[in-house]
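# Summary of structural features
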Amino acid sequence: MAVPTLVPGARATRSPGAPPAPSSGTLALVASLLGFAVITIDVTAVNIALPDIRATLHGGMAGLQWVVDAYTLMFAALMLSAGALADRAGARRAYALGVGVFTVASLACALAPGIGALIAARVAQGAGAAIVMPASLSLIRQAYDDPRRRARAIALWTVGGSVSVAVGPVLGGVLTEAAGWRSVFLLNLPVGALILVLLARVARSPRRPAAVDLAGQVTAVLALAGLAFAVIEGGHMGWTSAPVIAGFGVAVVSAVAFHRAEKRHPAPMVPLSLLRQRHVGVALAVGFAVNAGFYGVTFLLGLYYQQLRGMSGVAAGLMFVPLAAIITGANLVSPRAAERFGRRTVIVLGQAVLALAMFALVPLDADTPLWLVLVLLVPTGLGGAFAVPALTAQLLDSVPGERAGTASGMLNSLRQTGGAMSVALFGALIAGGGGEGSGVGGGFSLSGMHGGLVVAGLVLCATTALAAWLLPRD
């Protein structure tokens, strides 16, 4: 079917009774929703595909951790400056670049001949996703000038992410069972192509001057990569081995270099003055802890269901659906609860519930009834989803309006970093934990799983106390 060509000054015509052509704003919203959905589904779907990846590529537990963390770490580190890229290139062009990189990298993942090639392709996927996230919101902001329509569009974008969390594990299980783990990545190709087709019909975005903090970006990537390497390999090589000590050394040196780079740069991607504000620092710490707990649990349970319980990928994916439904409901309730009881109360309560959830999951073993596992997961979904919307609003109200985008990027980056570090630590513990139950289910250590849950619970207890003490009363 031919698309009518518009000439300057002319109006599009359509035959009587034909449906109206979708507006540029609608197309921008659909493109943004699809991009956000595909980068979200990719995380949760790959978690379910990990045992099949291990069986095919023989990467070991460390390889599986890097398959997850290579994506998450690049996502976290590059998100700090991706907003500036979207401003400089324009939202539409930046979004197309991010989607293009993500799609090509997905093809490389599907064709990976070995675990090393897969991890390298996941790095590129994470870089593309880091551009997609802020550019998709910028695209919506550009498409809707009316605040009410824009608020509804952003609400749809947010709900789309929550639904993707539910769809991801099930889709990952179905695709892995039916066509193998490579199909999880191949699914991204038609979606990416569709997004690019939609973007071709979206209005061009204006470009704005924005400084690029190259030194800060490079040192941030090195610091996170060094820390992740040390934590992941520490559980396999030993915490005092030379490579692990070197990894910690790279992380420390790079962190110091990052601090100096941000101090000297005229427009740093992480303004140090924000970090010195206690409300901002507490919000970032809480965001890190909440994601560490939640993503650590989902990583553990994906392996627990399949390696320890012997469940199929589809069955394991279905076990996450109630959790995702709870998350969606809690996200919707949180803003109303914050208005009634105050943000600090909601943030503290959400963290406390999530901390209790970590401890409640500690008694899990290979014989725990599945209905009880689902019951114990209820506070896991409630706690984090209840706290995060109020936490985001609290952070944005704690900074000047012109710093809102920067603060939001810092929060999202720290949240992703928390998820990456928990996967690194939990994977090291379940691969190298000792004691009774160690090594059950093809290298899955039950005692290591219990230890990881306790660590996550203690971290959440600490940030709960910090938020109760330092966040302002409403």
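Residues numbered from 1 in each chain as written. Predicted model: local features only at pLDDT ≥ 70, side-chain atom pairs only at ≥ 80, totals over all residues. Heavy atoms only, no water.

### Some thoughts on the overall build of the protein
Of regular secondary structure, the protein possesses 18 helices and zero strands. Its C-alpha atoms give the protein a radius of gyration of 22 Å, within 12% of the compact-globule value 23 Å for 474 residues. Counting only C-alpha atoms, the protein reaches 75 × 50 × 45 Å along its principal axes. Per-residue burial over the protein gives 51% buried out of 474 residues. Put simply, the protein shows about 20,300 Å² of open surface, and 67% of that area lies on carbon and sulfur atoms. Averaging the positions of the 30 positive and the 17 negative side-chain charges in the protein gives two centres separated by 12 Å. (Helix = DSSP H or I, 4+ residues; strand = E, 2+ residues; numbered from the N terminus. Rg over C-alpha atoms; globule rule 2.2 N^0.38 Å. Buried < 20%, exposed > 50% of the residue type's maximum accessible area, 1.4 Å probe, protein only. Areas by Shrake-Rupley, 256 points an atom, 1.4 Å probe, with all protein chains shown as cover. Lys, Arg positive; Asp, Glu negative; His and termini not counted. Charge placed at Lys NZ, Arg CZ, Asp CG, Glu CD.)

### As for a positive patch on the surface
Residues Arg-260, Lys-263, Arg-264 and Arg-276 make up a contiguous surface patch of positive charge. Topologically, Arg-260 is positioned in helix α9 (residues 242–264). (Patch = residues over 30% accessible without salt bridge, like charges linked within 9 Å, V, L, I, M, F, W, Y side chains within 5 Å. Salt bridge = Lys/Arg side-chain N within 4 Å of Asp/Glu carboxyl O.)

### Observations regarding the packing of aromatic side chains
This model, assessed by the stated rule, comprises five aromatic pairs. Between the aromatic rings of Phe-294 and Tyr-295, the centroid separation amounts to 5.3 Å while the plane-to-plane angle is 85 degrees, which identifies the pairing as edge-to-face. Overall, the relative accessible area of 14% leaves Phe-294 in the buried class. Among the residues examined, Tyr-295 registers a relative accessible area of 26% and is labelled partly exposed. (Phe/Tyr/Trp six-rings, centres within 6.5 Å; stacked < 30°, edge-to-face > 60°.)

### Some words on the nonpolar core
Ile-53, Leu-118, Tyr-305 and Met-449 are the most contacted members of the largest nonpolar core, which totals 100 residues. Per element, the largest residue contribution to this core is 16 residues, and it comes from helix α11 (residues 278–308). Formed by 33 residues, the second largest nonpolar core is a distinct cluster that contains Ile-39, Met-79, Ala-94 and Ile-140. (Core = buried A, V, L, I, M, F, W, Y, C linked by side-chain atoms within 4.5 Å.)

### Focus: the packing of α11 against helix α15 (residues 370–397)
Between α11 and α15, the least distance of the axes is 10 Å, while the angle of their chain directions is 155 degrees. It follows that α11 is roughly antiparallel to α15 by the angle criterion. Taken as a pair, α11 and α15 cross one another with a handedness that is left-handed. Residues Val-280, Ala-283, Val-286, Gly-287, Val-290, Phe-294, Val-297, Leu-301, Tyr-304 and Tyr-305 of α11 lie in contact with α15, whose contacting residues are Val-373, Leu-377, Thr-380, Gly-384, Val-388, Leu-391 and Leu-395. Taken together, the residues of the contact of α11 with α15 break down into 14 nonpolar, three polar and no charged. (Axes fitted to C-alpha atoms, helices over the stretch in contact; angles between N-to-C directions. Parallel < 35°, antiparallel > 145°, perpendicular 65-115°, else oblique. Left-handed = near helix turned anticlockwise from the far one by under 90°. Contact = heavy atoms within 4.5 Å. Nonpolar A, V, L, I, M, F, W, Y, C, P; charged D, E, K, R; others polar.)

### Focus on a nonpolar patch on the surface
A surface patch of nonpolar side chains, about 380 Å² in accessible area, is lined by Val-159, Val-163, Val-167, Leu-332 and Val-333. Secondary-structure elements contributing two or more residues to the nonpolar patch are α5 (147–179) and α13 (321–341). For the nonpolar patch, the element with the most residues is α5, which contributes three residues. Examined against the element boundaries, Leu-332 turns out to sit in helix α13.

### What about helix α14 (residues 343–360)?
Between its terminal C-alpha atoms α14 stretches 26 Å, which fits the 26 Å expected from 18 residues at 1.5 Å a residue. Buried within α14 are the following residues: Arg-344, Val-346, Ile-347, Val-348, Gly-350, Gln-351, Leu-354, Ala-355, Ala-357 and Met-358. Here the buried face of α14 lies against α11, α13, α15 and α18 (446–470). (Expected span 1.5 Å × (residues − 1).)

### With respect to the confidence of the model for the protein
Summarising the model, the protein shows a mean pLDDT of 84, and 90% of its residues fall at 70 or more. When mean pLDDT is taken per element in the protein, α14 scores highest with 95 and helix α17 (residues 440–443) scores lowest with 48. Note that pLDDT drops below 50 for residues 1–21; the model gives that stretch four contacts with residues more than four away or on any other chain. Every residue in residues 433–442 is under pLDDT 50, and counting partners more than four places away or in other chains gives 21 contacts. (pLDDT = per-residue confidence, 0-100.)

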